[in-house]
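Chain by chain, the residues:
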There are 2 protein chains.
Amino acid sequence: MFQHDFVNQRVDIRDPIGMSKASGFLWNKNMMIHMNCRGYAVAQFMQPEPSKYSHALNMEAKTFMQPEQSYFAHHSGRFFYIKCLDSGELFSIPYEPVRAKLDSFNFSVGKDNLIWRVNHLELEIQLTLSLPKNDVTEMWELSVISHSNKTRNIAIYPYFSVGYMSWMNQSAAFDTNLNGIIASSITPYQKVEDYFKNQHLKDKTFLLSKHQPTSWCANQPTFEGEGGLHNPDALQLKQLPQRDALYQTPVASLQFNHQINCQEQVQHQFLFGPAKDDTEIAQIKEKYFGQQDSFNKAHLDYQNYLAQSHGSIQINSPDKAFNEFINHWLPRQVFYHGDVNRLSTDPQTRNYLQDAMGMAFISPEKTKQALITALSQQTISGAMPDGILLHEQAELKYINLVPHSDHGIWLTLCLNCYLNETNDADILTTVIPFADSAQCLPLIDHINLTLDHLLNARNELGLSYIEQGDWCDPMNMVGYKGKGVSAWLTVATAYSLKVWCDICQHHQINQTKIPEYLAAITKLNTAMNTHFWDGKWYARGINDEGIAFGVSNDEEGKIYLNPQTWAMLSGAADQKQQQAMITAIDDNLATPFGIMMLAPSYTKMNENIGRLTQKFPGVSENGSVYNHAAAFYAYSLYQNNQSDKAFDVLKKMLPSQDDATERQQLPTFVPNYYRGAYYQLPEVAGRSSQLFNTGTVAWYYRCIIEELCGLKGQAGTLIITPKLPAHWATLTVRREYLGATFVVDYTKSDQANSTKIVIDGQPSPSNIVSNIAKGQTYHIKVIIGNSEN
Amino acid sequence: MFQHDFVNQRVDIRDPIGMSKASGFLWNKNMMIHMNCRGYAVAQFMQPEPSKYSHALNMEAKTFMQPEQSYFAHHSGRFFYIKCLDSGELFSIPYEPVRAKLDSFNFSVGKDNLIWRVNHLELEIQLTLSLPKNDVTEMWELSVISHSNKTRNIAIYPYFSVGYMSWMNQSAAFDTNLNGIIASSITPYQKVEDYFKNQHLKDKTFLLSKHQPTSWCANQPTFEGEGGLHNPDALQLKQLPQRDALYQTPVASLQFNHQINCQEQVQHQFLFGPAKDDTEIAQIKEKYFGQQDSFNKAHLDYQNYLAQSHGSIQINSPDKAFNEFINHWLPRQVFYHGDVNRLSTDPQTRNYLQDAMGMAFISPEKTKQALITALSQQTISGAMPDGILLHEQAELKYINLVPHSDHGIWLTLCLNCYLNETNDADILTTVIPFADSAQCLPLIDHINLTLDHLLNARNELGLSYIEQGDWCDPMNMVGYKGKGVSAWLTVATAYSLKVWCDICQHHQINQTKIPEYLAAITKLNTAMNTHFWDGKWYARGINDEGIAFGVSNDEEGKIYLNPQTWAMLSGAADQKQQQAMITAIDDNLATPFGIMMLAPSYTKMNENIGRLTQKFPGVSENGSVYNHAAAFYAYSLYQNNQSDKAFDVLKKMLPSQDDATERQQLPTFVPNYYRGAYYQLPEVAGRSSQLFNTGTVAWYYRCIIEELCGLKGQAGTLIITPKLPAHWATLTVRREYLGATFVVDYTKSDQANSTKIVIDGQPSPSNIVSNIAKGQTYHIKVIIGNSEN
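Residues numbered from 1 in each chain as written. Chains lettered and ligands numbered in written order. Predicted model: local features only at pLDDT ≥ 70, side-chain atom pairs only at ≥ 80, totals over all residues. Heavy atoms only, no water.

### Focus: the overall build of chain A
The helix and strand inventory of chain A stands at 18 helices and 41 strands. Relative to its length of 789 residues, chain A is compact, with a C-alpha radius of gyration of 28 Å against a globular reference of 28 Å. Looking at chain A as a whole, 65% of its 789 residues qualify as buried. When the accessible surface of chain A is totalled, it reaches about 26400 Å², and 48% of it is carbon and sulfur. Distance between charge centres in chain A, computed from 62 positive and 77 negative side chains, equals 2 Å. (Helix = DSSP H or I, 4+ residues; strand = E, 2+ residues; numbered from the N terminus. Rg over C-alpha atoms; globule rule 2.2 N^0.38 Å. Buried < 20%, exposed > 50% of the residue type's maximum accessible area, 1.4 Å probe, protein only. Areas by Shrake-Rupley, 256 points an atom, 1.4 Å probe, with all protein chains shown as cover. Lys, Arg positive; Asp, Glu negative; His and termini not counted. Charge placed at Lys NZ, Arg CZ, Asp CG, Glu CD.)

In structure tokens form, the structure reads like this:
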């Protein structure tokens, strides 16, 4: 079904039908394209809000990225029809829209490009998509080699959907100077002030060809005719009808006729994207087609850009697929999040801080900047906004318009990771402004204000108010009247305080507040145990009417993952409680695809909880395998020395040969969820959301580096506490830390009781590497004692 | 291509390819369905805002009705696949999605139903769509008769698209009790307050069958498979796979297997629509399938509802197609507008009043109510709002958020027509509240306030400010800085005053204001001539920077229709000017498809004018044959005794055998525009917008009744001033007026100089019928003298 190619860091599939939704995504500084293996595409660029240059044939709603995207014939796509002019046979690559039974098909997802290889009608075809580093331009290369011993006459027709651009003005035509189809539109507007706002918009879509086409068609209805997209009328003609689109649906299609001998190769290059005007398109043409090597040079630039995502760790474990994921795909996804902020202008504060946390292992100056940016949007009350605005024209949208109570929690978690990696204590005293005050205060005070604000937002029993929702939880009716409380937020507050106290102690700061905060942690944990412990696990909360939920006598939603996870992190749960919780999680939440966020999934509205319960069972927050929550569970298991269980949770996030078809996903990214409701709707369980925006990846990476490999930075030292899965006999790791390189070999010993560490040939008295010298390479042997394996 | 069927008041086409966009629409009190001849559908219902129960496969934008709707494979549709189980042959009706070459095809648009008749594979198929009077339920009937002399095995598969319902929750399954597919969803929302707002929403879509199906499929991707909609995988199987949709795209498809002998007929009935819950669906099932005749009874109720649209006139002219249109289709369209207010909750004030004006000829109590409703939303300042809110939850949307300066103009025009038809002088003293004041004032005072407000909104030269736009004109940059003026609005104000002065004089009211208003008319007309006369026509306006536009030295938009029309109505234009204007209109604006609103169409942004100039050339306000404006031109031509020219303008609004294919429309409704830019983009000129919401129809009907037939009510009398086109030798008309019936025979005389009128055998001394007795039938002969013909 699919294969890993370890040499080229690619993952391939051979079946466009069984793996219909398999996909790869590329991004650059200004755009993202998510290509489905069949040729369907979802592409967005920033101007500053996410915009499209290729649409479906109807007016699409503008919305956030939708899970489990479905495709259909006229969905936006990038297709190449190929016709044998001798026999009249027609097929298309990648696969849509003709859906011919191809002799062979291969879709290969790489870090910096996507490649399709198709053999059909004695033609060997390779199609490659890449991006430049900054421009919003898809770079397509097509190569066709004939293996027929006859001279062949073939026609190649790129068909790039432009779709319904605008009800106000849309058209398309071939431009001889630009050598391509230029589709034009006006973004519709009604208010005069929007004219000025829209003036910078890229309302044109271009498809430029390096070579001059034989013919073209810019009119979608004319192209398709009565034949349908699978057999368009225009392809029955000798030449594409050279028809403009005049307030009709545009399309960008070209025709290239070739006479091709045995083993002869024809090659094409295309550029597809949005532009403001013809001048800009001419510049793009010159930039990528101007010199012989312009196209390849742009690709090299893009490779160099992505090379920044190499991350601070490389592992060589007995699990080759896992190595591949940790060494290549995971840091790539972490980098995507942290470098371009999910291509949004108002990332949720919670997401923004965790995405920044992941960047601590790749490009920590980004983490620092994000912490400062986020805190500069804090109000003097200590409250964090629901989203961080990254552009002067940005506004809070969608879910960010619903107030959530947890955004302050994440600051210390992100800060801690940053300090671990950098030991940049200067950040603690960096003076940062507020959103609503002339005052500027050091970061320490910002954090204290945040935590004080969280502590104040509790009821008389010391439980945290949930208001209209906290993390993972569109629980908009638990506490909207101002009384409902959240068990998760109660222990999350405790954990955030705990992390802050640790930071303060390591860096010897904030000494007056620490006792106060330590006392608060104890109170929070006690309150958690007093009010939320349900016998075998913790409840999820208590609503405005005083009704507890996420408890054993609930019919649906009787157990939630997050309160258990965070009670382990905060220290609320004792060993006995932990064991009971873990058993309950195994019994109720574990599936072959990972750990579900709650179970049983809600199947009907529950006004005690609200919107969550109206989501489809097993989808998203309503009981899916929500990987972000699962990654936290793994982290808490590692913290509590349940390494094998933790590894199992992480490993299940990656599709394998066995379950890739069920999940409809390749192991090139972790999706935000897999369908849950495993015991309720097993027939659809395990399906990938296909969404690669997820806070999962930062924690996943942190789990691997700090926990599994046990190479955790702390106040300038490296602490070595490996937590290898039992079935791994060895591990080799290369870790970058504070400018030094650590090459660490792990072996397991049946002889030794406790773990022994040898640094550059010298046995080390402790598991802490201090006085790390920049530029130096440390060779470390870790012999793990049998009490630890 | 198409034919009129005068007996059944239907218009037919025989070609689903050449007439791809030909369509018919049905509506009832709560819904509208616009069926394309190929089986594609646009249907909306009110809850209270327009909503859909059948979607495309992606998330569609919520918007106003779009012109020139384009269709594509997965557009919402109502299809029936038919498969010969003996031979395996497959086709579909109406035509999509298989697009088989049918032996015969007939699409027949009637007043109260749409019928397709298809013959193929020796099967005679009739498919009928009707609606009930109130419920949001499509009523489908399918009849299949075999003409094969063998016993046949066939399968019939209704395929009703449900499409992408919601990202929050969507599913579908067959319900044995209800005997149909029930698709369920939750309208997505994020804010807790929307939960309460959404509680009444009809989030389910049902397809109920009268007969029990052989099998079913509720899962769109499963149904379609790799075959595509034109050849779905599910139809390759012996039985439709009984698959639910579980957070997948739902579909409503059923299978019925039949063994059918020669001349045997099988019949099916289906109900399709939205519902809140299963209880409501069960009620619908009982209501329409409960008794043998329930379905037919509901259709009769619907026929009775539509019978109200018969209108107050029937004509019998030498032009049979024209008679058909005036007697059946035009009043149907007028009734649609006036009875259900375009199925909107916030009709533009301008539209609402004109739609109500048309109802004066059909159901004048609706006109009265609309006048009172509109005036009760007036502010005490005299300003009329941009839209009239018809529901307590309604809000101003879309274009109604842009302030327009002309809404007050239309009150007197509507009122005048209402008084002409009813002589209900009581309305004048009816006391009506205001939107923003405790005061209530008689209608007379409301009108005076309106006109005073219009008169105050003028500059120091007496020209009316345009602000962000007036009628037909998204000219959002002419006067947004507060200085720009509108020539049209200047004479429209004059004309509105003139109409009011006439009303006041006929009804002997408001005597103190009349001299003031008469003086104002003179001043307005003088100002028009002083500042806007451009030598051969009037300019359209002067912008904030003092630049006149719609003038002969403009390159684009050099002449606009509306200022000319209304200068004729207001009395600003003298005979010489009128002649010059009419010549200029003939030279610049006349096309085979009617009169364009402006020419040449703008091809690029012109900041003197604004948004209008960014619309596509020839589309909508940017130089289309905008029928509403053209109808006014016809009205003004009649007022100025240019009857032949006026008739030509009206007649060109109706597609004929000759040009129906170019227009892509049947003569069953007047669209709001045909593509203009006739001299710039001739290849696409003439195409119908396919939108049947238009102020055109009220004025068209008024032109026919008051002007062409010359049977105009006035203060309780009927004034007879016929304006027949020269090529009509005779005309017979039946006119209802003040409860009496007038049967009028028109002939033309070469002998008589002036027109003679004979009432019930008695020569009449004047052209005025007074003392009209309710219930009486008057037989009138009109012999038109040669000076008038």
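### A word on empty space enclosed by the protein
All names here are of chain A. One pass over the full model with this rule turns up six cavities of 30 Å³ or more. Space inside the largest cavity adds up to approximately 60 Å³. Taken together, 15 residues form the lining of the largest cavity, with L57, H74, H75, Y159 and S161 sitting closest to its centre. Elements represented by at least two residues in the lining of the largest cavity include exactly β13 (152-161) and β19 (250-260). Each residue belonging to the lining of the largest cavity can be placed in one class, and the counts come to eight nonpolar, seven polar and no charged. There is about 50 Å³ of room inside the second largest cavity. Around the second largest cavity sit A41, V42, A43, K52, S54, E60, H75, S76 and R78, which together line it. Take the lining of the second largest cavity: its biggest share by element is three residues, from strand β5 (residues 41-46). (1 Å grid on protein atoms, 1.4 Å probe; cavity = no way out; pocket = protein on both sides within 12 Å on 5 of 7 lines; lining within 4 Å. Points joined across faces, edges and corners; volume = space filled by probe spheres on them. Nonpolar A, V, L, I, M, F, W, Y, C, P; charged D, E, K, R; others polar.)

### Points about the sheet that holds strand β6 (residues 50-51) of chain A
Residue and element names in this part refer to chain A. Here four strands make up an open sheet; going across it, the order is β3-β4-β5-β6 and the pairing antiparallel. Taken across any chain shown, the strands that pair with only one partner, and hence form the sheet edges, are β3 (23-27) and β6. By the bridge criterion, five bridges tie strand β4 (residues 31-36) to β5 in an arrangement that is antiparallel. Each bridged residue has a counterpart across the sheet, and for I33 the counterpart in β5 is A43. (Pairing = 2+ DSSP bridges.)

### Concerning the side chain of S209 of chain A
Residue and element names in this part refer to chain A. With respect to the element layout, S209 can be found in strand β16 (residues 204-209). Assessed through its relative accessible area of 1%, S209 is described here as buried. A polar side-chain atom of S209 sits 2.5 Å from the main-chain carbonyl oxygen of H211. (Polar contact = N/O pair within 3.5 Å; in protein donor to acceptor, adjacent residues only side chain to side chain.)

### Notes on the sheet that holds strand β38 (residues 756-759) of chain A
Residues and elements named next belong to chain A. Strand order in the open sheet formed by six strands is β21-β36-β37-β41-β38-β39, and the pairing between neighbours is mixed. Where the open sheet ends on each side, the last strands, each with one partner, are β21 (313-316) and β39 (762-763). Here β21 pairs with strand β36 (residues 730-737) via four bridges, running antiparallel. Among the inter-strand pairings, I313 is bridged to a residue of β36, identified as R735.

### Thoughts on the relation of the copies chain A and chain B
Placing chain A over chain B gives an RMSD of 0.1 Å and needs a rotation angle of 180 degrees, together with 0.0 Å of translation along the axis. With respect to symmetry, the two chain copies, as superposed, fit the operation of a two-fold axis. Residues of chain A ranked by C-alpha distance from the rotation axis are headed by A61 of chain A, positioned 1.9 Å from it. Mapped onto chain B, 100% of the interface residues of chain A again fall at the interface, so both copies present the same surface. (Least-squares fit on C-alpha atoms with pLDDT ≥ 70 in both. Contact = heavy atoms within 4.5 Å.)

### With respect to the layout of surface pockets
Within this model, the second largest pocket holds a volume of roughly 920 Å³. For the second largest pocket, the lining is made up of 43 residues, of which P221 and T222 of chain A together with S20, K21 and R687 of chain B are closest to its centre. Mapped by element, the contributors of at least two residues to the lining of the second largest pocket are α2 (220-224) of chain A together with α17 (660-663) of chain B. Looking at which element gives the most residues to the lining of the second largest pocket, the answer is α2 of chain A, with four residues.

### Some details on the nonpolar core
Core analysis: the biggest nonpolar cluster contains 243 residues, and W500, W566 and Y700 of chain A have the highest contact counts within it. Sorting elements by how many residues they give to this core places helix α11 (residues 487-507) of chain A first, with 13 residues. Not counting the four nearest positions on each side in its chain, W566 of chain A is found in contact with I409, W410, L413, W471, W488, V491, A492, Y495 and F632 of chain A. With 242 residues, the next largest nonpolar core counts V118, F272, V551 and A634 of chain B among its residues. (Core = buried A, V, L, I, M, F, W, Y, C linked by side-chain atoms within 4.5 Å.)

### Brief notes about the interface of chain A and chain B
At the interface, 65 residues of chain A touch 65 residues of chain B. Looking at the side of chain A facing chain B, the largest losses of area belong to Q190, E226 and Y247 of chain A, adding up to 13% of the total buried there. Applying the counting criterion to the chain A and chain B interface returns two salt bridges. Note that R38 of chain A is salt-bridged to E226 of chain B, the shortest N-O span being 2.3 Å. Linking chain A with chain B are 33 residue pairs in polar contact (both at pLDDT 80 or more), by the criterion used here. Those elements that place two or more of their residues in the side of chain A that touches chain B are β14 (170-175) and α1 (192-198) of chain A. Of the residues forming the side of chain A that touches chain B, the biggest block, three residues, is contributed by α1 of chain A. (Buried area = accessible area lost by both parts, 1.4 Å probe. Salt bridge = Lys/Arg side-chain N within 4 Å of Asp/Glu carboxyl O.)

### A few points about the UniProt feature "domain: Glycosyl hydrolase 94 supersandwich" (unreviewed entry) in chain A
According to UniProt, the feature "domain: Glycosyl hydrolase 94 supersandwich" (unreviewed entry) maps to residues 56-288 of chain A in the numbering used here. The span residues 56-288 of chain A is 10% helix and 42% strand, and its two end C-alpha atoms sit 27 Å from each other. (UniProt positions renumbered as here; feature names shortened; annotations may be inferred.)

### Re the UniProt feature "domain: Glycosyl hydrolase 94 catalytic" (unreviewed entry) in chain A
Residues given the UniProt feature "domain: Glycosyl hydrolase 94 catalytic" (unreviewed entry) here are residues 311-709 of chain A. Taken end to end, residues 311-709 of chain A is 45% helix and 8% strand, and its first and last C-alpha atoms sit 14 Å apart.

### Here we look at the side chain of E280 of chain A
Residue position: E280 of chain A is located in helix α3 (residues 278-289). Side chain to side chain, E280 of chain A and K202 of chain A meet in a polar contact 2.6 Å long.

### Quick look at the environment of I181 of chain A
On the secondary structure map, I181 of chain A appears in strand β15 (residues 180-185). Along the chain, I181 of chain A and A252 of chain A lie 71 residues apart, while their C-alpha atoms are 5.6 Å from each other.

### Side note on the packing of aromatic side chains
Residue and element names in this part refer to chain A. Tallied over the full model, the rule gives 114 aromatic pairs over all chains. A network of ring pairs unites the aromatic residues F45, Y53, F80, F107, W116, W140, F160, F256, F270 and F272 as a single cluster. Directly above the ring of F25 sits R332, whose terminal nitrogen or CZ lies 5.0 Å from the centroid. (Phe/Tyr/Trp six-rings, centres within 6.5 Å; stacked < 30°, edge-to-face > 60°. Lys NZ or Arg CZ within 6 Å of the ring centre and 35° of its normal.)

### Quick word on helix α7 (residues 364-375) of chain A
One full turn of an α-helix is made of 3.6 residues, so residues set three or four places apart face in the same direction. With 12 residues, α7 of chain A should cover 16 Å at 1.5 Å per step; its first-to-last C-alpha distance of 17 Å lies within 8% of that length. Residues T367, A370, L371, I372, T373, A374 and L375 of chain A constitute the buried set of α7 of chain A. (Expected span 1.5 Å × (residues − 1).)

### Notes on the environment of F79 of chain A
Residues and elements named next belong to chain A. With respect to the secondary-structure elements, F79 resides in strand β7 (residues 78-84). Overall, the relative accessible area of 1% leaves F79 in the buried class. Spatially, the C-alpha atoms of F79 and I93 are 5.9 Å apart, while their sequence positions differ by 14 residues. With residues up to four places along the chain from it excluded, the contact list for F79 reads R38, G39, Y40, I93, P94, E96, P97, Y157, P158, Y159 and F160.

### Here we look at the packing of helix α6 (residues 349-359) of chain A against helix α8 (residues 410-422) of chain A
All names here are of chain A. For the pair α6 and α8, the least separation of the axes is 9 Å and the interaxial angle reads 10 degrees. The orientation of α6 with respect to α8, classified from their angle, is roughly parallel. Contacts between α6 and α8 involve R350, L353, Q354, A356 and M357 from the former and W410, L411, L413, C414 and C417 from the latter. (Axes fitted to C-alpha atoms, helices over the stretch in contact; angles between N-to-C directions. Parallel < 35°, antiparallel > 145°, perpendicular 65-115°, else oblique.)

### Overview of the state of the cysteines
Tallied over the entire structure, the rule returns zero disulfides over all chains. Residue C501 of chain A stays outside any disulfide, its sulfur separated by 6.3 Å from that of C504 of chain A, the closest cysteine. For C501 of chain A, a relative accessible area of 1% puts it in the buried group. Here C472 of chain B stays unpaired: no disulfide links it, and the sulfur of C703 of chain B, its closest cysteine neighbor, is 15 Å away. Owing to a relative accessible area of 6%, C472 of chain B belongs among the buried residues under this scheme. (Disulfide = S-S within 2.5 Å.)

### What about the pairing of strand β10 (residues 114-120) of chain A?
Residue and element names in this part refer to chain A. Counting buried residues in β10 gives five out of seven residues, a clear majority hidden from the surface. The pairing of strand β9 (residues 104-110) with β10 spans six bridges and is classified as antiparallel. Counted as the bridge partner of V109 is L114 from β10. Joining the antiparallel neighbours β9 and β10 is a turn of three residues.

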